[in-house]
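Examining the three-dimensional arrangement
Each chain, written out:
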Amino acid sequence: MTATTGTTTARGFRSAELGWPELRRIPHPPYRLPVLGDALGTNLRTPVQESLRLGRRLGPIFRRKAFTKEIVFVGGAGLAAELADESRFAKHVGVGVANLRPVAGDGLFTAYNHEPNWQLAHDVLAPGFSREAMAGYHPLMLDVAERLMDHWDRAGAAGETVDVPGDMTKLTLETIARTGFGHDFGSFERSRPHPFVEAMVGTLTYAQRRNVVPDPLVPLLLRGASRHNRADMAYLNETVDAVVRARRSRGGTGNRGGTGVRDRGAGSGDLLDRMLETAHPRTGERLSAENVRRQVITFLVAGHETTSGALSFALHYLARHPDLAARARAEVDRVWGDTVRPGYEQVARLRYVRRVLDEALRLWPTAPAFSREARADTVLGGVHPMRRGAWALVLTMMLHRDPEVWGADADRFDPDRFDAAAVRARAPHTFKPFGTGARACIGRQFALHEATLVLGLLLRRYELSPEPGYRLRVAERLTLMPEGLRLNVERRVGVAGRDTARLPPSPPSPSSPPPSSPSGRPVTGTGD
Ligand code: HEM
């Protein structure tokens, strides 16, 4: 089955007046100006948070216009549930996502519904997220988490605070790179983010800015940014090509080119192997070299940025609420006991820790919106006619704070909203951090397993406390990320876990042989 079930969905940005014949019924902010629309006073840096504030005044459906582009936003639970109906609506590759096409092309995340490579890649890669595959990634996830803890142990011992988003990004990048591609970016051996991360953040930020700047104004308003963006994209491509080359060379060793990728042989069933070697089970078709490049970029980016944010928000709330942290920690101690390296099965048993994560993703869904388009002419909410191809942006953050679903205290952090009875009592389609339908997140289980495991390990090992005076600020670059979040981490005494006092004081030198993964696959590369 394809994501479009027979209808051809349209491509590119289409402004709302083309698809919504009764657009005037949908409220917009006051003081709209000719040419500028609602752009005056718009903060380019925090469009999502600004839209949430607006939505609270304007209602469950509203529109905003910047220059020529008008977008319909949906934040009310009733309308969002309708948009989740796959028989009437499909993913729309629109704002934000469409701006990533120059770098991710027809990779899974950015593919249009009608592009054949979506189904091909989905079918080839989905088994890479099966329960069995996840159990295989688990020991690698533990290895990376241990590197993070070595780093935090040293910071804690030196009385230094830790950079939470920075460290979570190192952790999640290393995790997807190792589990998916047998690659080591050496993030924990660096004081600055890996250049891959800087190039990725540059590309995401640029894509967000392009949402509001119309094409003719790009040379004027984004000249320097566009140049920078081209360099960022070239760097992402180079890095990925080196990772792929290393794998293809099967057995070759030594550094190759500027990205310093070392290869010690082919993998054994990770995502890259699937991309390079697995044929579609029915048609026998394989991914082209160009498409593999797109998929590797897609997975390296989609596979770490959002999970890093989710972990960071969860840690922020745990540090803010010592009572909730104590409850979560008690669960970890009870479920894991003295097991130094918890097994795969022991992660899903951390029910309360998982609720903490869900609640963090409710308040700050790190992929904060997704678009849906009509498969055929329809009427949304019985009131708003839509032509086939018309689309709306579901503002997940507003949906997740709809007081009709979450109550008058919807802005309050309360993990018990996710206890089993509360979840059962709620209407469907009210919690959508991973999107919806055929194009929902393929990495959901991967992210949840990784994040629950890491939160469990960190809770067990450290007391977390906030820096005095810190107030949560949230940066936006298509994704959401806490800004400037640093925590004090203090080792708990007498608990299970590796004793890092026995670890070597510094990371292995680049000349030492790359460590082997438990599946026997050597890990390649550490350089830029
Ligand atoms: C907390 C972490 C994550 C969040 C919040 C998240 C969120 C999302 C959302 C909302 C979508 C749908 C976007 C849309 O409809 O336009 C999506 C799609 C996707 N995600 Fe994730 N994601 C996370 C982690 C991951 C991980 C770990 C991977 C890979 C290992 C991944 C890979 C993808 C891919 C490839 C797609 C496109 C799927 C398709 O269209 O077939 N994500 N994600």
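Residues numbered from 1 in each chain as written. Predicted model: local features only at pLDDT ≥ 70, side-chain atom pairs only at ≥ 80, totals over all residues.

Where an unreviewed UniProt entry is consulted, the chain appears under the name Cytochrome P450, with the organism given as Streptomyces akebiae.

**Considering the site of the ligand**
Spelled out, the test is: Throughout this description, a residue near a molecule or strand is one whose C-beta atom, derived from the backbone, lies within 6 Å of it. Secondary structure elements follow DSSP: runs of H or I no shorter than four residues count as helices, runs of E no shorter than two count as strands, and numbering proceeds from the N terminus. Following the grouping adopted for this structure description, the nonpolar residues are Ala, Val, Leu, Ile, Met, Phe, Trp, Tyr, Cys and Pro, the charged ones are Asp, Glu, Lys and Arg, and the polar ones are all others, Gly among them.
Around the ligand sit 26 residues in total, of which Gly-303, Thr-306, Gly-435, Cys-441 and Gly-443 are the nearest. Breaking the shell around the ligand down by element, the ones donating at least two residues are helix H11 (289-302), helix H12 (305-320) and helix H19 (444-461). In terms of residue class, the shell around the ligand is made up of 16 nonpolar, eight polar and two charged.

**Focus: helix H6 (residues 164-181)**
For the record, the criterion: Working rule for helices: expected span equals 1.5 Å times residues minus one. Field definition: a residue is buried when 20 or more other C-beta atoms are found within 10 Å of its C-beta, exposed when 12 or fewer are, and partly exposed for counts in between, with C-beta atoms placed from the backbone.
In this model, H6 (18 residues) spans 25 Å end to end at C-alpha, consistent with the 26 Å of a helix rising 1.5 Å per residue. Extensive coverage of H6 is indicated by the burial of 17 of its 18 residues. Two residues or fewer past H6, Gly-182 is found with a positive phi of approximately 60°.

**Here we look at the environment of Tyr-235**
For clarity, the threshold we go by: Remark: residues whose backbone-derived C-beta atoms lie within 7 Å of one another are considered to be in contact.
Among the secondary structure elements, Tyr-235 is positioned in helix H9 (residues 223-248). On a C-alpha basis, the gap between Tyr-235 and Ala-199 in space is 6.9 Å, while along the polypeptide they are 36 residues apart. Apart from residues lying up to four places away in sequence, Tyr-235 is in contact with Pro-195 and Ala-199.

**Points about the sheet that holds strand S4 (residues 162-163)**
The strands that make up a sheet are held in pairs by hydrogen bonds between backbone atoms, and each pair lies either parallel or antiparallel. This is how the line gets drawn: In this analysis, strands are considered paired if DSSP registers two or more bridges between them. Between N-to-C directions, angles cover 0 to 180 degrees, with each direction set by a line fitted to C-alpha atoms, over the stretch in contact for helices.
Across the sheet, three strands lie side by side as S4-S12-S9; this open sheet has antiparallel pairing. At either end of the open sheet lies a strand with only one pairing partner, and these are S4 and strand S9 (462-466). Inspection of the sheet shows S4 paired to strand S12 (residues 486-491) by two bridges, in the antiparallel sense. Bridge pairing in S12 places Asp-163 opposite Arg-486. Contacting S9 and S12, H12 runs over the sheet at an angle of about 85° to S9.

**A word on unusual backbone geometry**
Of note in the backbone geometry, His-429 takes a positive phi value of approximately 65° without being a glycine. Turning to its location among the elements, His-429 is positioned in the loop between helix H18 (420-425) and H19. For His-429, a count of 18 C-beta atoms within 10 Å translates into the label partly exposed. Positive phi is not limited to glycine here, since Leu-478 has a value of about 70°. Following the sequence through the fold, Leu-478 ends up in the loop between strand S10 (474-477) and strand S11 (479-482). We classify Leu-478 as buried; it has 26 C-beta atoms within 10 Å.

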